[in-house]
Amino acid sequence: MPHFTVVPVKDRAESRYDSLEGINWVDYRDTGQDYPDHQDTVSSDGHGNHKEDSPFLNSADAASKRNDFYDRNLALFEEELDIRPKVSSLLSRLVNYTNITQGAKEHEEEESAEASRRKTPKSPNMGTLMGVYLPCLQNIFGVILFLRLTWIVGMAGIIQSLLIVLMCCSCTMLTAISMSAIATNGVVPAGGAYFMISRSLGPEFGGAVGLCFYLGTTFASAMYILGAIEIFLKYLVPQAAIFHASDSAMLNNMRVYGSICLSLMAVVVFVGVKYVNKLASLFLACVIISIVSIYAGAMKSMTHPPEFPICMLGNRTLVRDRFDVCAKTVIKGNITVPSQLWDMFCLPGNMSSTQCDDYFIQNNVTEIQGIPGLGSGIIRENLWSDYVQKGEILEKAGLQSVDAHGALENFGMYVSADIATSFTLLVGIFFPSATGIMAGSNRSGDLRDAQKSIPVGTILAITTTSLVYLTSVFLFGACIEGVVLRDKFGDAVRNNLVVGTLSWPSPWVIVIGSFFSTVGAGLQSLTGAPRLLQAIAKDNIIPFLRVFGHGKANGEPTWALLLTGLIAELGILIASLDMVAPILSMFFLMCYLFVNLACAVQTLLRTPNWRPRFKYYHWALSFLGMSMCLALMFISSWYYAIVAMGIAGMIYKYIEYQGAEKEWGDGIRGLSLSAARYALLRLEAGPPHTKNWRPQLLVLLKLDEDLHVKYPRLLTFASQLKAGKGLTIVGSVIQGNFLDSYGEMQAAEQAIKNMMEIERVKGFCQVMVASKVREGIVHLIQSCGLGGMKHNTVVMGWPYGWRQSEDPRAWKTFINTVRCTTAAHLALMVPKNVSFYPSNHERFTDGNIDVWWIVHDGGMLMLLPFLLKQHKVWRKCRMRIFTVAQMDDNSIQMKKDLATFLYQLRIEAEVEVVEMHDSDISAYTYERTLMMEQRSQMLRQMRLSTAERQREAQLVKDRHSLVRMGSLYSDEEEEVVEAPPEKVQMTWTREKCEAERRNRNNAPENFRELMSLKPDQSNVRRMHTAVKLNEVIVNRSHDARLVLLNMPGPPRNTDGDENYMEFLEVLTEGLERVLLVRGGGREVITIYS
């Protein structure tokens, strides 16, 4: 009677936690366990591929984790605690998780000695306002608002400008909704938008769109730098211009100063990103102050509009800084003298009108108010568009003007358009001012509650900026004169920034504020772009970018910064803000398009892991956003859109070609699964039409003892026959018990997959574990494939050496497989001498593929050579078709009919009819049949005795612990051999002794009976057919590259199985490469289209 001791379980709550009141932290770890540091649940595999550490595979210190606590409470699970840890252990790892952000926070900590010595990461504490809302505002507001929005309003009019703003902001709002759903569906580590897209749509889309996003961010830095230089040279220090008095002078100045500014910014980013982040608040303050000053100036203009007079000649706008007084003459000391303006249009010092410009003489000079103010009613004139061509002079429609031809040399006195404008151009230029919505998702690691802050902050920021843009369009159109709005560089208002003329208290507020904000935005782009490239490079999906994953010791992406600087320099060399803006619009729109696609795909697929905390999304909104992105791409610039899509497509195909071995649970995989399910259900509707029939192969492979493919040329033949089309399943059988042989099965699968990759076979692999190889093959034939996507043809090798083996199992398995394929109505192909078949690297420059069409078997013999000739190995071979005519057949008519049939099949082949005359059975045939039957009889008499079979079974049992690999064409006998007793005891009697003596005396009689054996007549006839056919085939096709031949079926009576093998050997004797073919009982080729 066992003795049991009952021990009460103590409540360990007090010993594990300091107190239940005011608890600050919870340690779920077991007492007695030692955790030196907390490991993140997200780790890297060395190639930047972030993966989740499985909580079920942490077995290194499993033994030390077990203690009495486990034994008492988790005894049922104690054997699996090393691979299935307690829930508390799992939770302790999850709550200590912290992710790495894309920003510079971790780099700042690395640069400071105090932070580098600190092991525990700083807990994120930023809220929605500081972490998402303000960074998004800073990234969205930018150079376009200050430098181009007034010009866009002037050219497009208030109504079309509102439409442009509404289109762009609606696009970004819909994208933000999709992004919020993705960002709240789990944690978003380094990479921001790239991480979201790649983990949602897969490495191919992720790499393509990630690089587009990187290029967009890089060109954004170039655009901001060009904007800053434009402000610097036009409004701050015009005297700093190096080049003067030429059409390209301004562009060259932009290139020189832009390159210098880019170099300085790159040095600042290289030296320390922390300085950029510390200045971010200053730059944001500049933006906010500038916007507030615009609203203040607009309100003030209702009562006290600012004084910015414009000088008009007729209805044409004059460049105001070329002269002092807006008049043709001035009075000096009661004397009327010509003004500076007169001297510009006429000969200096001459009051005669004959020496003046015709337009100048015939039109009056007037002065109008540049900023009439909010209550002036100017809004009615600015409602409609006024697009101009390049070089066209800006004119005010309401002023009286006499149309006269002016001198060409005076053209520089007028304000003219530098580029041709249109609605589509303005869309492309404005869209960058709506970008920057990803700033919140990029900082998810700094947020206290990213799941809440990202959606709220991003959508509020887009709403705020959209309202600012819409109200700014209205205020600009309601306060500023139309010709001033259309004046891009403020030439009519003495080279003042147009939006600055409206601001209060001074235009310098806008000029200085916009300069610093554009410089700050450029620095932010130069900071973010290299880190984005580094995240892509560390994922190792684009091999040639691998070098950009490295950087300084603290993680700064030095090489990525260098490449970013070079690409940004290309944008600087373009030197035109209006040319660079549509380029980055394309890349950002491409990125936003795929964010919407990712959300739509995940929503429609209803993936189990798709559980966003943000609930206000819908697949229809995502599709609408995706459609708007695509439409905006082609509206703004169709050729840029095609180039951007071409770049993304090339990157996608490159990653696909390189074979990105990443499994991120992406939506494209789920989409493929849904599409495959739909297609499989459609295939279930019925069998394929004869026109669509192609061999869907099940290739039965034989493995050796080391789990290597014994005849890899079977796979070579399959790849040549399929040429990458249709279904190929490669199967093999391991003999044994599934529970014991699971590891072997996995190793065999991997070996076959490796060989399939080498032989370029695109298909699936399935390894079966069965107690008998014969049964395993039958299971493969029955169960491979799924639904309508099943094999219709079996490819198996020939059982070489079956004659030399006394064991009948090899050929019995082969014949059983032939019978199973016939019963399943499957076609069968048996390549004989497969080792002599050509490899994929060989080329036959000549030769024939001979088809011996003896019986009609569904047309397989005609179709197979045609399919083989599609492959480069067999392409140069000619096809010949032979058929056999009997004595009562009209061979001439047969040849004509066969030629007509092939013509209708659209198959080019030579046709030949071989006549086989009736002849007597030769002595050779008789002798061959006799030898075959004698061998069969001899093998039957040489069967092991019962005692020897028992000893053999014991030997098999003793060897059971060794790794045994069942041959595909050898199997144990059907009978189950029972284990013998440990010791066999026999009691000899007189009768038993005499019976044993008689058995020994019968041996010579058995031998004499064997020698006097007469062959069976049906076997003689079959042998005669095999010999005659072989003689004809060898005579005509001895030099053929490949011979295809009807494979006769096995006999209905299983007693003649061994003879059947002999017939096949005789039929194919003397041929180098033979393909035995049996049809599946249906037509596979048709003459109809």
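Placed above this text is the structure.
Residues numbered from 1 in each chain as written. Predicted model: local features only at pLDDT ≥ 70, side-chain atom pairs only at ≥ 80, totals over all residues. Heavy atoms only, no water.

## Digging into a nonpolar patch on the surface
What counts here: The patch calculation keeps residues exceeding 30% relative accessible area without a salt bridge and links them within 9 Å when they carry like charges or within 5 Å when they are nonpolar (Val, Leu, Ile, Met, Phe, Trp, Tyr). To measure how exposed things are, a 1.4 Å probe is used in the Shrake-Rupley method; for residues, cover is taken only from the protein chains shown. Salt bridge, as used here: a side-chain nitrogen of Lys or Arg that lies within 4 Å of a carboxyl oxygen of Asp or Glu. The buried label applies to any residue whose accessible area, calculated with a 1.4 Å probe on protein chains only, is under 20% of its type's maximum; exposed applies above 50%, and partly exposed to all values in between.
A grouping of Leu630, Phe634, Trp638, Tyr639, Ile642 and Met645 is seen on the molecular surface, where their side chains present a nonpolar patch of about 600 Å² in accessible area. By relative accessible area, which is 53% here, Trp638 ends up exposed.

## A look at empty space enclosed by the protein
Using the following cut-off: Grid points spaced at 1 Å and placed over the protein atoms alone form the basis of the search, with a cavity being a set where a 1.4 Å probe fits but cannot get out and a pocket an open set showing protein on both sides within 12 Å along at least five of seven lines. Lining residues have an atom within 4 Å of a point. Grid points are joined across faces, edges and corners, and a volume is the space filled by probe spheres set on the points. Secondary structure elements are taken from DSSP: a helix is a run of H or I of four residues or more, a strand is a run of E of two residues or more, and numbering for both begins at the N terminus. Gly is placed with the polar residues, together with every amino acid not listed as nonpolar (Ala, Val, Leu, Ile, Met, Phe, Trp, Tyr, Cys and Pro) or charged (Asp, Glu, Lys and Arg).
Counting across every chain of the model gives four cavities of 30 Å³ or more. Estimates place the volume of the largest cavity at around 60 Å³. Lining the largest cavity, in full, are Val269, Phe270, Pro530, Arg531, Lys552, Glu556, Pro557, Thr558 and Leu561. Of all elements in the fold, only helix H12 (249-271), helix H21 (507-538) and helix H22 (558-574) reach the threshold of two or more residues within the lining of the largest cavity. A class-by-class count of the residues in the lining of the largest cavity yields five nonpolar, one polar and three charged.

## Considerations on the sheet that holds strand S3 (residues 309-313)
Note the cut-off: A strand pair is defined by DSSP finding two or more bridges across the two strands.
Taken together, three strands build an open sheet; the order of strands is S4-S3-S7 and the sheet is antiparallel. Sheet topology places strand S4 (316-317) and strand S7 (365-369) at the edges, where each strand pairs with a single neighbour.

## Considerations on the state of the cysteines
Working definition of a disulfide: a covalent bond connecting the sulfur atoms of two cysteines. Our working definition: Put simply, a disulfide is two cysteine sulfurs that come within 2.5 Å.
Counted under the stated rule, the structure contains two disulfides. Each disulfide pairs two cysteine sulfurs, and for Cys311 the partner residue is Cys326, the sulfurs being separated by 1.9 Å. Residues Cys311 and Cys326 are joined through a disulfide that is right-handed, its torsion about the S-S bond being 85 degrees. Remark: Cys326 occurs in the loop between S4 and strand S5 (329-332) and Cys311 occurs in strand S3; sequence separation between them is 15 residues. Residues Cys311 and Cys326 agree in their burial class; the two are buried. There is a disulfide in this structure between Cys346 and Cys356, and the S-S distance comes to 1.7 Å. Looking along the S-S bond of the Cys346-Cys356 disulfide, the torsion reads about 120 degrees, which is the right-handed sense. Within this pair, whereas Cys346 is found in the loop between helix H14 (340-345) and helix H15 (358-362), its partner Cys356 is found in the loop between H14 and H15, the two being separated by 10 residues in sequence. Judged on exposure class, the residue Cys346 and its partner Cys356 are both buried.

## With respect to the nonpolar core
For the record, the criterion: We call a set of buried Ala, Val, Leu, Ile, Met, Phe, Trp, Tyr and Cys residues a nonpolar core when their side-chain atoms join them within 4.5 Å. Residues count as neighbours in contact if any of their non-hydrogen atoms are within 4.5 Å of one another.
Membership of the largest hydrophobic core comes to 164 residues, with the highest contact counts inside it found for Met223, Phe430, Met438, Tyr469, Phe476, Ile480 and Phe594. Setting aside chain neighbours within four positions, we find Tyr469 in contact with Ile140, Phe141, Leu145, Leu149, Val165, Cys169, Phe430 and Ser433.

## Observations concerning the packing of aromatic side chains
Threshold: Note on aromatic pairs: the rings of Phe, Tyr and Trp (six-membered ring only in Trp) are paired at centre separations within 6.5 Å, and the planes decide the class, stacked below 30 degrees, edge-to-face beyond 60, tilted for the rest. In our convention, an over-ring charge means Lys NZ or Arg CZ found within 6 Å of a ring centre and within 35 degrees of that ring's normal.
The final tally for this structure, using the stated rule, is 28 aromatic pairs. Note on Phe219 and Phe587: the rings are 6.3 Å apart at their centroids and 15 degrees apart in plane angle, and the pair reads as stacked. One end of the pair, Phe219, is in helix H11 (residues 203-236); the other, Phe587, is in helix H23 (residues 577-605), and 368 residues separate them in sequence. The two residues Phe219 and Phe587 agree in class, both being buried. Each ring, one from Trp619 and one from Phe623, has its centre 5.9 Å from the other, and the planes form 85 degrees; the classification is edge-to-face. Here Trp619 pairs with Phe623, and both are found in helix H24 (residues 619-636), just four residues apart, close to one helical turn. Taken together through their ring pairs, the aromatic side chains of Trp342, Phe345, Tyr359, Phe360 and Tyr414 make up a single cluster. The ring centre of Tyr359 lies 3.8 Å from the NZ or CZ of Arg316, which sits over that ring. Here the basic side chain of Lys328 rests over the ring of Phe360, its NZ or CZ set 4.7 Å away from the ring centre.

## A word on a positive patch on the surface
Applied cut-off: In this charge count, Lys and Arg are treated as positive and Asp and Glu as negative; neither His nor the chain ends contribute. One atom stands in for each charge, and that atom is NZ of Lys, CZ of Arg, CG of Asp or CD of Glu.
On the surface, a cluster of positive charge is contributed by Arg760, Arg843, Lys872, Arg875 and Lys876. One can find Arg843 in the loop between strand S12 (827-832) and strand S13 (848-853).

## Looking at the packing of helix H7 (residues 128-140) against helix H13 (residues 273-300)
Here is the rule: Every axis corresponds to a line fitted to the C-alpha atoms, with the helix fit spanning only the stretch in contact, and the corresponding angles, defined between N-to-C directions, vary from 0 to 180 degrees. Any angle between 65 and 115 degrees counts as roughly perpendicular, while under 35 counts as roughly parallel, over 145 as roughly antiparallel, and the rest as oblique. By definition, turning the near helix anticlockwise from the far helix through less than a right angle yields a left-handed crossing, and turning it clockwise yields a right-handed one.
At their nearest, the axes of H7 and H13 sit 10 Å apart, and the two run at 65 degrees to each other. As far as their axial angle goes, H13 and H7 are roughly perpendicular. Of the two elements, H7 crosses H13, and the hand of that crossing is left-handed. Contacts from Leu134, Leu137 and Gln138 of H7 reach H13 at Ala280, Phe283 and Leu284. Here the contact of H7 with H13 is built from residues that sort into five nonpolar, one polar and no charged.

## A closer look at the pattern of salt bridges
With the rule as written, the count across this model stands at 15 salt bridges. Note that Glu367 is salt-bridged to Arg320, the shortest N-O span being 3.8 Å. With Glu367 in strand S7 and Arg320 in the loop between S4 and S5, the pair connects residues that are 47 residues apart, well separated along the chain. Here Glu367 falls in the partly exposed class, since its relative accessible area comes to 45%.

## A closer look at the side chain of Asn792
Test applied: The definition of a polar contact used here is a pair of N or O atoms within 3.5 Å, where within protein one atom must be able to donate a hydrogen and the other to accept one, and adjacent residues in sequence count solely through side-chain atom pairs.
Of note, Asn792 is situated in the loop between helix H29 (773-783) and strand S11 (793-796). Judged by relative accessible area, which is 16%, Asn792 ranks as buried. One polar contact links Asn792 to Thr793, side chain to side chain, over a distance of 2.8 Å. Here Asn792 is in contact with Trp693, Arg694, Pro695, Gln696, Leu826 and Ala827, once residues within four sequence places are set aside.

## What about the pairing of strand S10 (residues 764-770)?
Our working rule: Whether a crossover is right-handed depends on one test, that the path from the first strand over the helix to the second runs clockwise when the strands point away from the viewer.
Within S10, five of the seven residues are buried, leaving the element largely enclosed by the surrounding structure. Where strand S9 (residues 728-735) meets S10, seven bridges bridge the pair, whose relative direction is parallel. By the bridge assignment for S10, Ile729 is matched with Phe764. Following the backbone out of S9, through helix H28 (residues 738-758) and into the adjacent parallel S10, one traces a crossover that is right-handed.

## Overview of the environment of Ala600
Looking at where Ala600 falls in the secondary structure, it is placed in helix H23. Note on Ala600: relative accessible area 0%, which makes it buried. Remark: the alpha-carbon pair of Ala600 and Tyr617, spanning 17 residues in sequence, is separated by 9.4 Å. Excluding its chain neighbours within four sequence positions, the residues that come into contact with Ala600 are Trp619, Ser622 and Phe623.

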